[in-house]
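# Understanding the architecture of this molecule
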Amino acid sequence: MKFYFPDSQDLVSPTYDFINDEYSPYRVRQRDDVYAHQAVTPIPYDGILVSKAVVDGSMKGAGKYSAPQRERLYRLGVRNFFRLPGTCSTIGDCGAFNYIDEERPPYEVDEVLDFYGRCGFDAGISIDHIIFGYIQAESDAEPEPAWLERQQISLELAEDFITATHAQGARFEPVGAAQGWGPDSYAHSVAELQKMGYRRIALGGMVPLKSHEILACLRAIDEVRTSETGLHLLGINRVESMEQFARHGVTSFDSTSAFRQAFMDDRNNYHTATDSYTAIRVPQVDGNPALKRLILSGHVSQAEAIVAERSCLRALREFDQEETALEEVMSALATYEGLVLGPKKKSYLEFYERTLSDAPWRSCPCALCKKHGIEIAIFRGSERNKRRGFHNLTVLEAKMRQLTFA
């Protein structure tokens, strides 16, 4: 079972100064910053997935690459651009989530082939159009006309795609994208893609589905899937179900959830093998919009906020060195939280106390926790938050390594 990490240009600076919260004046981002596969050992994924929508930025809110970054990717190729070791493989897709509201995908087959070929991907997924809807028993309900249309669009583009890869002698492996709205319709897509010649098929649109619904689809697909066909789950990370998925032909998946939970989840920010913890929010006074508004409106003194912020950081670091009691840290956090949140918003103090009491970073074997200590558990700026995301990826890798795929 291979895990691909979807790229969104997530890097950290090895020379970032956590005490003063500043970058080295000599830092050059594209030269010095590192990806997760350079920051932790073992490498926490088997490969990376790169979306055309993320690279080209042609759709509002999708682009993560600057023009110079795009030029370097095309010039260097995906492997050199990401400084990937030989053990990592690459797969490209179109980023269908980014054009879900369009009537048709905004890309033509030729331009997608050009993207995959110029970047030198090991595999490339055909253009698809996501169907968001699910019917467990399709015989009991009619699908929406739009669902039928999107499935047909995806299949027609997949046929054009594999025909063009053969005609042009493409060096990457073509992967067919299957869309459906239930077990039977997914099985239909897979059957059609196999007829076209695909032996690797990516199942899209399953992110909203529960694990038992995914399994229902995989069982239906079993009825038509040949033994040579391997399945890829797009955007799915269900570690607890991966052994079951593997029994039904799933050989790979991709997901950003473990990484993004580090800074997007309300509570489950720091993962361990058996649990998860809430990161301790100590926002920067000059970087928190809500606090800035309170300061500008006169409700909070900027000087008072700065003192409270520094007090929290000092107490946390002293606690990590066993120089300050937990009660003193909690008192500092309560003071700052009162300034940042105000009386009507949710308090995280009880979750912070659990995080500090267990101090999971102290027993974590990953290089980032060993190097940065409690800094990895502080919710504050992208350098800490992304490192915590990288840590979460190492936990996912360890969990996957312990599974048995018979």
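This report concerns the structure included in the present document. What you are looking at is a predicted structure, and each value in this text was computed from that prediction instead of being measured.

Conventions used here
Residues numbered from 1 in each chain as written. Predicted model: local features only at pLDDT ≥ 70, side-chain atom pairs only at ≥ 80, totals over all residues. Heavy atoms only, no water. Helix = DSSP H or I, 4+ residues; strand = E, 2+ residues; numbered from the N terminus. Expected span 1.5 Å × (residues − 1). Buried < 20%, exposed > 50% of the residue type's maximum accessible area, 1.4 Å probe, protein only. Contact = heavy atoms within 4.5 Å. 1 Å grid on protein atoms, 1.4 Å probe; cavity = no way out; pocket = protein on both sides within 12 Å on 5 of 7 lines; lining within 4 Å. Points joined across faces, edges and corners; volume = space filled by probe spheres on them. Nonpolar A, V, L, I, M, F, W, Y, C, P; charged D, E, K, R; others polar. Polar contact = N/O pair within 3.5 Å; in protein donor to acceptor, adjacent residues only side chain to side chain. Salt bridge = Lys/Arg side-chain N within 4 Å of Asp/Glu carboxyl O. Phe/Tyr/Trp six-rings, centres within 6.5 Å; stacked < 30°, edge-to-face > 60°. Lys NZ or Arg CZ within 6 Å of the ring centre and 35° of its normal.

### Brief notes about helix α14 (residues 326-341)
With 16 residues, α14 ought to run about 22 Å at 1.5 Å a step, and its terminal C-alpha atoms sit 22 Å apart, in line with that. Inspection of α14 places Leu 326, Val 329, Met 330, Ala 332, Leu 333, Tyr 336, Glu 337, Leu 339 and Val 340 among the buried residues, and these make up the whole buried set. The inward-facing, buried residues of α14 contact β11 (280-281), α12 (289-296), α13 (302-320) and α15 (349-358).

### Brief notes about empty space enclosed by the protein
As enumerated under the stated definition, the model contains two cavities of 30 Å³ or more in all. In this structure, the largest cavity encloses a volume near 70 Å³. Forming the boundary of the largest cavity are Phe 5, Asp 7, Ser 8, Gln 9, Asp 10, Tyr 35, Ala 36, His 37, Tyr 45, Ile 48, Phe 82 and Phe 390. Of the residues contributing to the lining of the largest cavity, the split by class is seven nonpolar, three polar and two charged. Every residue along the wall of the second largest cavity is listed here: Gln 9, Leu 11, Arg 29, Gln 30, Tyr 35, Gln 69, Arg 72 and Arg 83. Elements represented by at least two residues in the lining of the second largest cavity include exactly α1 (29-32) and α4 (67-76). Looking at the lining of the second largest cavity, its residues break down into two nonpolar, three polar and three charged.

### Regarding the side chain of Asp 320
As for its position among the elements, Asp 320 is in helix α13. Polar contacts involving the side chain of Asp 320 include one to the main-chain amide nitrogen of Ile 374, which spans 3.1 Å. Leave out the neighbours within four places in its chain, and Asp 320 touches Trp 361, Arg 362, Gly 373 and Ile 374.

### Observations concerning the pattern of salt bridges
For the structure shown, the criterion picks out 20 salt bridges. A salt bridge links Asp 275 to Arg 354; the nearest nitrogen and oxygen atoms lie 2.4 Å apart. One end of the pair, Asp 275, is in the loop between β9 (270-271) and β10 (276-277); the other, Arg 354, is in helix α15, and 79 residues separate them in sequence. Several salt bridges share partner residues, and in doing so they unite Asp 21, Glu 309, Arg 317, Glu 375, Arg 380 and Arg 384 into one network.

### What to know about the environment of Thr 324
Take Thr 324: it is sitting in the loop between α13 and α14. The class for Thr 324 is buried, based on a relative accessible area of 12%. Sequence spacing of Thr 324 and Arg 314 is 10 residues, and the spatial spacing of their C-alpha atoms is 9.6 Å. Discounting residues that sit within four places of it in the chain, Thr 324 has contacts with Ala 315, Glu 318, Phe 319 and Val 329.

### Quick look at the packing of aromatic side chains
The tally for this structure, following the rule as stated, stands at 22 aromatic pairs. Members of the aromatic cluster, connected to one another through ring pairs, are Tyr 74, Phe 115, Tyr 116, Phe 121, Phe 161 and Phe 172. Across the ring face of Tyr 74, the terminal group of Arg 118 is positioned such that the distance to the ring centre comes to 4.0 Å. Lying over the aromatic face of Phe 379, Arg 281 brings its terminal NZ or CZ to 4.5 Å of the ring centre.

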